[in-house]
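These are the residues of each chain, in order.
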Amino acid sequence: MSEYRKGPVLLRGPNIPKTSTSGRLLGGQDEPDWLHGDPWRVLRIQSEFVEGFGALAELGPAISVFGSARTKEDAPDYQQGVTVGRRLVEEGFAVITGGGPGVMEAANRGAQEAGGVSVGLGIELPFEQGVNKYVNLGINFRYFFARKTMFVKYAQGFIVLPGGFGTMDELFESLTLVQTRTITKFPVVLVGHAYWDGLVAWLRDSMVADGKAAATDLDLFHVTDDIEEAVQIVVDYARGEGTGPVTPEDGPLTEPM
């Protein structure tokens, strides 16, 4: 039976809502009820940050791994995720994912099977909801922005495997934070030339060529087919041994994407 977790509340069957908490927050304000309801939502949002900070404050060095929730267990991307999770734990890092199926499950699986800390930051959604069985430290969020803060705050880098809209959202948010120097020396590694090279070509031939981004912005991430190289890049950065992306002393700030 399908189930739905709404904070500490478990819902099943006809009780499963058709909208999420984030959706209701961002929905239309045609009714005057928002004048009374929205201020109280602030307390719920505050509680999500408090709970997230409390659960992850002593996590130690960690890397966030992103990728598609729709990847099947027999797909090459899944095995790559398992390898990434295992290798990060072997290097002394916790693994943070969105806690869902697919690549997220794979990275959590690799981390758990290697005896490491396997973190899943779940999200309340009408679909693709729930934390996978390989998570040994899980938090379920109602609000995307609270969850996304945890991905960055408690990680020293991102490894991104092939994914969809959610993966792109997380990828470009991290690149924007690095580009605008909101965070510095934060490595972002994309795994899979066959998947990512088309996007990189568009960034170079359309966005950069049209002056919407600087050529140096393409240096804010690295693309590789080699899992060992991907892991080594983020590990070296986290240990202060890597060469970082743009930082304040490197030159003028470029226009954000």
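Quantities reported herein were computed from a predicted structural model and do not represent experimental measurements. (Residues numbered from 1 in each chain as written. Predicted model: local features only at pLDDT ≥ 70, side-chain atom pairs only at ≥ 80, totals over all residues. Heavy atoms only, no water.)

Asks: Is there a simple way to explain the sheet that holds strand β4 (residues 94-97) in this structure?
Replies: Backbone hydrogen bonds are what pair the strands of a sheet, in a parallel or an antiparallel way. As summarised here, the arrangement of the seven strands in space is β6-β5-β4-β3-β7-β8-β9, forming an open sheet in which the pairing is parallel. The open sheet has two edge strands, β6 (137-141) and β9 (222-224), and neither has a second partner. Strand-to-strand twist across the sheet, computed as the mean angle between neighbouring axes with direction ignored, equals 20°. Sheet strands in contact with helix α4 (residues 103-113) are β3 (62-66), β4 and β5 (118-123), and its direction is about 165° off that of β4. Its contacts with the sheet put helix α5 (residues 144-153) on β3, β4, β5, β6 and β7 (158-160), and the angle it makes with β5 is roughly 160°. (Pairing = 2+ DSSP bridges. Helix = DSSP H or I, 4+ residues; strand = E, 2+ residues; numbered from the N terminus. Axes fitted to C-alpha atoms, helices over the stretch in contact; angles between N-to-C directions. Contact = heavy atoms within 4.5 Å.)

Asks: Can you help me understand the side chain of Ser174 in this one?
Replies: Tracing the sequence through the fold places Ser174 in helix α6 (residues 165-179). At a separation of 2.6 Å, a polar atom in the side chain of Ser174 contacts the main-chain carbonyl oxygen of Leu171. If near-sequence neighbours (up to four positions away) are discounted, Ser174 is found in contact with Phe158, Ile183 and Val188. (Polar contact = N/O pair within 3.5 Å; in protein donor to acceptor, adjacent residues only side chain to side chain.)

Asks: Sorry if this is basic, but what is going on with a negative patch on the surface here?
Replies: A surface patch of like charges, here negative, comprises Asp197, Asp225, Asp226 and Glu229. Overall, Asp197 belongs to the partly exposed group, its relative accessible area being 35%. (Patch = residues over 30% accessible without salt bridge, like charges linked within 9 Å, V, L, I, M, F, W, Y side chains within 5 Å. Areas by Shrake-Rupley, 256 points an atom, 1.4 Å probe, with all protein chains shown as cover. Salt bridge = Lys/Arg side-chain N within 4 Å of Asp/Glu carboxyl O. Lys, Arg positive; Asp, Glu negative; His and termini not counted. Charge placed at Lys NZ, Arg CZ, Asp CG, Glu CD. Buried < 20%, exposed > 50% of the residue type's maximum accessible area, 1.4 Å probe, protein only.)

Asks: Is there a simple way to explain the packing of α6 against helix α7 (residues 193-208) in this structure?
Replies: In a pair of packed helices, the angle between the axes and the distance between the axes together describe the arrangement. Two elements in contact, α6 and α7, have axes separated by 14 Å at closest approach and are oriented at 50°. Taken together, the axis directions place α6 and α7 in an arrangement best described as oblique. The hand of the α6/α7 crossing is right-handed. Only Tyr195, Trp196, Leu199 and Leu203 of α7 make contact with α6, whose side of the interface consists of Thr167, Met168, Leu171 and Phe172. (Parallel < 35°, antiparallel > 145°, perpendicular 65-115°, else oblique. Left-handed = near helix turned anticlockwise from the far one by under 90°.)

Asks: Sorry, what's going on with the environment of Arg239 here?
Replies: Along the chain, Arg239 falls in the segment after α8 (227-238). Assessed through its relative accessible area of 41%, Arg239 is described here as partly exposed. In sequence terms Arg239 and Pro61 are 178 residues apart; their C-alpha atoms lie 9.4 Å from each other. Once residues within four sequence positions are removed from consideration, Arg239 is found in contact with Glu91 and Phe93. A polar atom in the side chain of Arg239 sits 2.7 Å from the backbone oxygen of Glu91.

Scope: geometric values only; no functional claims are made or implied.
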